[in-house]
Amino acid sequence: MQARMQNPAVVIPEAMPAILDVLKAAKKGGVPDATLELVHLRVSQINGCSACVDGGVRSAKKAGEGDERLFAVSAWREAPYFTDAERAALALAEAATRLADRSDPVPDEIWDAAAAHYDERQLAGLVLMIGTTNLFNRLNATTRQIAGVGW
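The structure presented is a predicted model; accordingly, all values stated were derived computationally and were not measured.

J.: Looking at this structure, I do not really get the overall build of the protein chain. What am I missing?
T.: Across its full length, the protein chain holds eight helices and zero strands. Going from N to C terminus, the protein chain has its helices and strands arranged as α-α-α-α-α-α-α-α. For the protein chain, whose C-alpha radius of gyration is 15 Å, the value lies close to the compact-globule estimate of 15 Å for 151 residues. Overall, the protein chain is about 40 × 30 × 30 Å in size when its C-alpha atoms are taken along their principal axes.

Structure follows, in C-alpha cells:
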C-alpha cells in the first residue's frame, strides 16, 4: 500500500496547527480523556481510516485504556465494558458521523441521552472531537495515509 500524497495538512503546513488547536480545545471541554479516545476510535472505525484507528488505539493505550474495551468499542452496545455516559457519547459519535444515514441525522433521543450525562461545555467538546476526527479521517482516507506511518 502506498499513500497517494502526503496528508494535505502537511502539504499546506498552515492547516495543521489550526486543526490541532481545535483538537486541543475539544479536550478542554471537561469530557474524560478515555471517553474522547473511545469516540475518536469509533468514528475512525466507521470511516475506515486505518491511520486514525491505528493512532487512536495507540493514543488510547498511552492514556491507560485497556485491550478489553478497545477490542469491544465497535460493539459497544453489546459489550458490558462501557458506562452509560460513554454509551451516550458513542451513540452521539455514530449519529454525527453517519449524517446521511437518516433524515434526522442526530435524533433528539440520542442528543438528550448525551445531554443527560454531559453539560453544554462537555457536549461542545464531544462535538468538536467528533468533527475533528471526521476531518482527519477524510484527509487520511482520501489520500490513503498508511497506518503506523507518522507525518
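J.: Mind showing me how you'd approach the pattern of salt bridges here?
T.: Should the charged atoms of two oppositely charged side chains come close, the side chains can pair. One pass over the full model with this rule turns up eight salt bridges. One salt bridge connects Glu94 with Arg77, and the closest N-O pair in it is separated by 2.8 Å. With Glu94 in helix 6 (residues 84-97) and Arg77 in the loop between helix 5 (67-72) and helix 6, this pair connects stretches of sequence that are 17 residues apart. Among the salt bridges present, the one from Arg98 reaches Glu94, with a minimum N-O distance of 4.0 Å. Judged by relative accessible area, which is 31%, Arg98 ranks as partly exposed. Through salt bridges with shared partners, one network takes in Arg42, Arg77, Glu94, Arg98 and Asp101.

J.: Honestly, a nonpolar patch on the surface in this entry has me stumped. Any pointers?
T.: A surface patch of nonpolar side chains, amounting to about 260 Å² of accessible area, comprises Met5, Val11 and Ile12. Within the secondary structure, Met5 sits in the segment before helix 1 (8-11). Taking relative accessible area as the criterion, Met5 reaches 39% and is therefore assigned partly exposed.

J.: Where do I start with the environment of Ala89 in this structure?
T.: Along the polypeptide, Ala89 turns up in helix 6. Here the alpha-carbon distance between Ala89 and Arg144, two residues 55 residues apart in the chain, equals 28 Å. Ignoring sequence-local partners within four residues, the contact set of Ala89 consists of Thr35, Val39, Tyr118 and Leu126.

J.: What's the story with helix 2 (residues 15-26) in this structure? I'm lost.
T.: Every α-helical turn comprises 3.6 residues, leaving residues that sit three or four positions apart pointing alike. For helix 2, built from twelve residues, the straight-helix expectation of 16 Å at 1.5 Å per residue is met to within 8% by its first-to-last C-alpha distance of 17 Å. Each element contacted by the buried residues of helix 2 is listed here: helix 1, helix 3 (33-47) and helix 8 (120-142).

J.: Looking at this structure, I do not really get the packing of helix 2 against helix 8. What am I missing?
T.: Packing of helix 2 against helix 8 leaves a shortest axis separation of 8 Å and a crossing angle of 150 degrees. The handedness of the crossing between helix 2 and helix 8 comes out as left-handed. Contact with helix 2, carried on its side by Met16, Ile19, Leu20, Val22, Leu23 and Ala26, involves Gly125, Leu128, Met129, Thr132, Leu135, Phe136 and Leu139 of helix 8 and no other residues of that element. Class assignment for the residues of the contact of helix 2 with helix 8 results in eleven nonpolar, two polar and no charged.

J.: Got a minute to help me understand the side chain of Thr132 in this structure?
T.: Of note, Thr132 is situated in helix 8. Overall, Thr132 belongs to the buried group, its relative accessible area being 5%. Within the structure, Thr132 has its side chain in polar contact with the backbone oxygen of Leu128 (distance 2.7 Å). Excluding residues that lie within four positions of it along the chain, Thr132 makes contacts with Ile19, Val22 and Leu23.

Reading the values: rules and limits
Residues numbered from 1 in each chain as written. Predicted model: local features only at pLDDT ≥ 70, side-chain atom pairs only at ≥ 80, totals over all residues. Heavy atoms only, no water. Helix = DSSP H or I, 4+ residues; strand = E, 2+ residues; numbered from the N terminus. Rg over C-alpha atoms; globule rule 2.2 N^0.38 Å. Salt bridge = Lys/Arg side-chain N within 4 Å of Asp/Glu carboxyl O. Buried < 20%, exposed > 50% of the residue type's maximum accessible area, 1.4 Å probe, protein only. Patch = residues over 30% accessible without salt bridge, like charges linked within 9 Å, V, L, I, M, F, W, Y side chains within 5 Å. Areas by Shrake-Rupley, 256 points an atom, 1.4 Å probe, with all protein chains shown as cover. Contact = heavy atoms within 4.5 Å. Expected span 1.5 Å × (residues − 1). Axes fitted to C-alpha atoms, helices over the stretch in contact; angles between N-to-C directions. Left-handed = near helix turned anticlockwise from the far one by under 90°. Nonpolar A, V, L, I, M, F, W, Y, C, P; charged D, E, K, R; others polar. Polar contact = N/O pair within 3.5 Å; in protein donor to acceptor, adjacent residues only side chain to side chain.

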